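Survey of secondary and tertiary structure
The lines below spell out each chain.
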Amino acid sequence: MTVRAGHPDFLDLPWQKGLTEWDSDRFLDLPKGISRHEVRFVGYDSGIYAIKELPTRPARQDYSVLRALEEANGPSVTPVGLIEARHPDPTVEQSAALITRYVDFSFSYRELLEGPRFGRRRGQMLAAFATLLVELHLTGCFWGDCSLSNVLYLFDAAAIQTLMVDAETAKMYAELSAGQRQEDLEIMKVNVAGGMADIAASLGQEVEYEDLTLGEAIEERYHELWGHVTAEFLISADERWRITERVRDLNDLGFNVEQIDLEAVDNGDRLRIETVVAGRSYHTGRLRDLTGVEASEGQATQILTDLHHFTADAAPSPQGKALGAIRWRVEVFEPMLARMRTEVPDANPVQAFSDYLHFRYLASRDAGYDIDNDTALAAWLDAGRPGYPIEEGFVIN
């Protein structure tokens, strides 16, 4: 048994039995997507955990890849423990179990469907899947089994965030070749088409061509984003301001820039710029560094605007900005989150706060002046807590 520090020891669970035979007061009945393996949820004081039963070799691979992705700040669930030797035969399902941290407020792709297809959410799904694969490939992760059901989904301000769930077929490399990336995309296209066909069949309907080619549309978005993120640029020696522009452009898409490589060409008249990007958590990290607040990338982008608005009148010094960030958290963020938990108890309070901030912005713009929080919150609740308009996802300028 391997269990990471900071979590329960799980010794009170009957590991000698298969998951379907368990009878534990810790079991929680939570929604879950389709899985080829048996999955159960258990609750402890420290949180909720997902337990997946599978053969030993894929369990080890799953755990190893998820640990590597966590270290690389990759988009995946958090591995907590690995249980082995549950059965004499390591090839049977009962022989091992993987424990991961349950992702609060996550859901399966079926909750985004409008009948047999994604309807208005199609653009968001394309962007979410393309971004997920780009992020994984940047870490050197070859997935080998990307599908609709192997992903967790979360609302992330105006976007949808996606996380890899099953990594038993995945492998980590220092860098993926173009051929490896394309192979992963080919697997994704087949799996997504099969998933859409299954959805239509379950509803007794014919699958439409647009749904069968959803994977091809994801692939197109993927190549667009991959090309933009990994592109090399040539600039004149006196255009070094474009380096800052390039970094800001990647940051705007949420990517951290880990390294910038510059090479003089044409006898020093021009520079070749290559940027090495890391995880897509730039605004998440900014918000955490400034305030200690944890939020996903889209939420953090929205919340940072409120922080900047609040600190606009602070003293123009590092001390003034730091004190302003502390005041914002104490005077604005924490009280507003408490109100969100009271007024919207079934929702993610950080997402609800992001929805509210967008509503307040629109109301202030239409009014021509800043509307205070109490007035805007009352109006937001009266309007039925509207969220963001459904948009197409990322746009490359």
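Look a little higher up for the structure.
What counts and how
- Residues numbered from 1 in each chain as written.
- Predicted model: local features only at pLDDT ≥ 70, side-chain atom pairs only at ≥ 80, totals over all residues.
- Heavy atoms only, no water.
- Buried < 20%, exposed > 50% of the residue type's maximum accessible area, 1.4 Å probe, protein only.
- Helix = DSSP H or I, 4+ residues; strand = E, 2+ residues; numbered from the N terminus.
- Pairing = 2+ DSSP bridges.
- Salt bridge = Lys/Arg side-chain N within 4 Å of Asp/Glu carboxyl O.
- Contact = heavy atoms within 4.5 Å.
- Axes fitted to C-alpha atoms, helices over the stretch in contact; angles between N-to-C directions.
- Core = buried A, V, L, I, M, F, W, Y, C linked by side-chain atoms within 4.5 Å.
- Lys, Arg positive; Asp, Glu negative; His and termini not counted.
- Phe/Tyr/Trp six-rings, centres within 6.5 Å; stacked < 30°, edge-to-face > 60°.

Another aspect to go through is the pairing of strand β4 (residues 47-54). Counting buried residues in β4 gives seven out of eight residues, a clear majority hidden from the surface. Across seven bridges, the pairing between strand β3 (residues 38-44) and β4 is antiparallel. Directly across from arginine 40, in β4, lies its bridge partner isoleucine 51. In textbook terms, the turn of a hairpin is the stretch between consecutive antiparallel strands, and for β3 and β4 this stretch comprises two residues. Here β4 pairs with strand β6 (residues 96-101) via six bridges, running antiparallel. Following the sheet pairing, leucine 54 is matched in β6 by alanine 96.

By the definition in use, this model includes 24 salt bridges. Its salt-bridge partner being arginine 122, residue glutamate 210 comes within 4.0 Å of it at the nearest N-O pair. Remark: arginine 122 occurs in helix α2 (residues 122-138) and glutamate 210 occurs in helix α4 (residues 209-212); sequence separation between them is 88 residues. Residue classification places glutamate 210 among the partly exposed residues on the basis of a relative accessible area of 41%. Across the pair glutamate 334 and arginine 329 runs a salt bridge, and its minimum N-O distance is 2.9 Å.

Okay, the sheet that holds β3 next. The six strands lie next to each other as β1-β5-β6-β4-β3-β2, forming an open sheet whose pairing is antiparallel. Every interior strand has two partners, whereas the edge strands, β1 (2-3) and β2 (27-28), have only one. Looking at chain direction, β2 and β3 are connected through two bridges and run antiparallel. The partner of phenylalanine 27 across the bridge, within β3, is valine 42. Contacting β1, β4, β5 (79-83) and β6, helix α1 (residues 56-71) crosses the sheet at an angle of about 160° to β5.

With 53 residues, the main nonpolar core has Phe118, Phe129, Trp143, Leu148, Tyr153 and Met164 as its most contacted residues. Among the elements of the structure, α1, β6, α2, β8 (151-156), β9 (159-164), α3 (178-202) and α5 (214-230) are those that each provide at least two residues to this core. With nine residues, α2 is the single largest residue contributor to this core. If near-sequence neighbours (up to four positions away) are discounted, methionine 164 is found in contact with Leu66, Leu69, Pro75, Ser76, Val77, Leu132, Leu136, Cys141, Trp143, Asn150 and Ala170.

All right, on to the side chain of arginine 181 then. Structurally, arginine 181 can be placed in helix α3. Glutamate 175 is the oppositely charged side chain nearest to the buried, salt-bridge-free arginine 181, at an N-O distance of 7.6 Å. Once you skip the residues sitting within four places of it in the chain, arginine 181 turns out to touch His137, Leu176, Tyr222 and Trp226.

The next point concerns the packing of aromatic side chains. The geometry of an aromatic ring pair comes down to the distance between the two centres and the angle between the two planes. Overall, the coordinates contain 14 aromatic pairs when judged by the stated rule. Relative to phenylalanine 155, the ring of phenylalanine 107 lies with its centre 4.9 Å away and its plane at 40°, an arrangement referred to as tilted. With phenylalanine 107 in the loop between β6 and α2 and phenylalanine 155 in strand β8, the pair connects residues that are 48 residues apart, well separated along the chain. Taking the relative accessible area as the measure of exposure, phenylalanine 107 reaches 8% and is therefore buried.

Take the pairing of β9 next. Pairing between β8 and β9: six bridges, direction antiparallel. Each bridged residue has a counterpart across the sheet, and for leucine 152 the counterpart in β9 is leucine 163. From the end of β8 to the start of β9, which pair antiparallel, there are two residues, and alanine 157 there has a positive phi angle of about 55°.

Take it as geometry only, folks, not as evidence of what the structure does.
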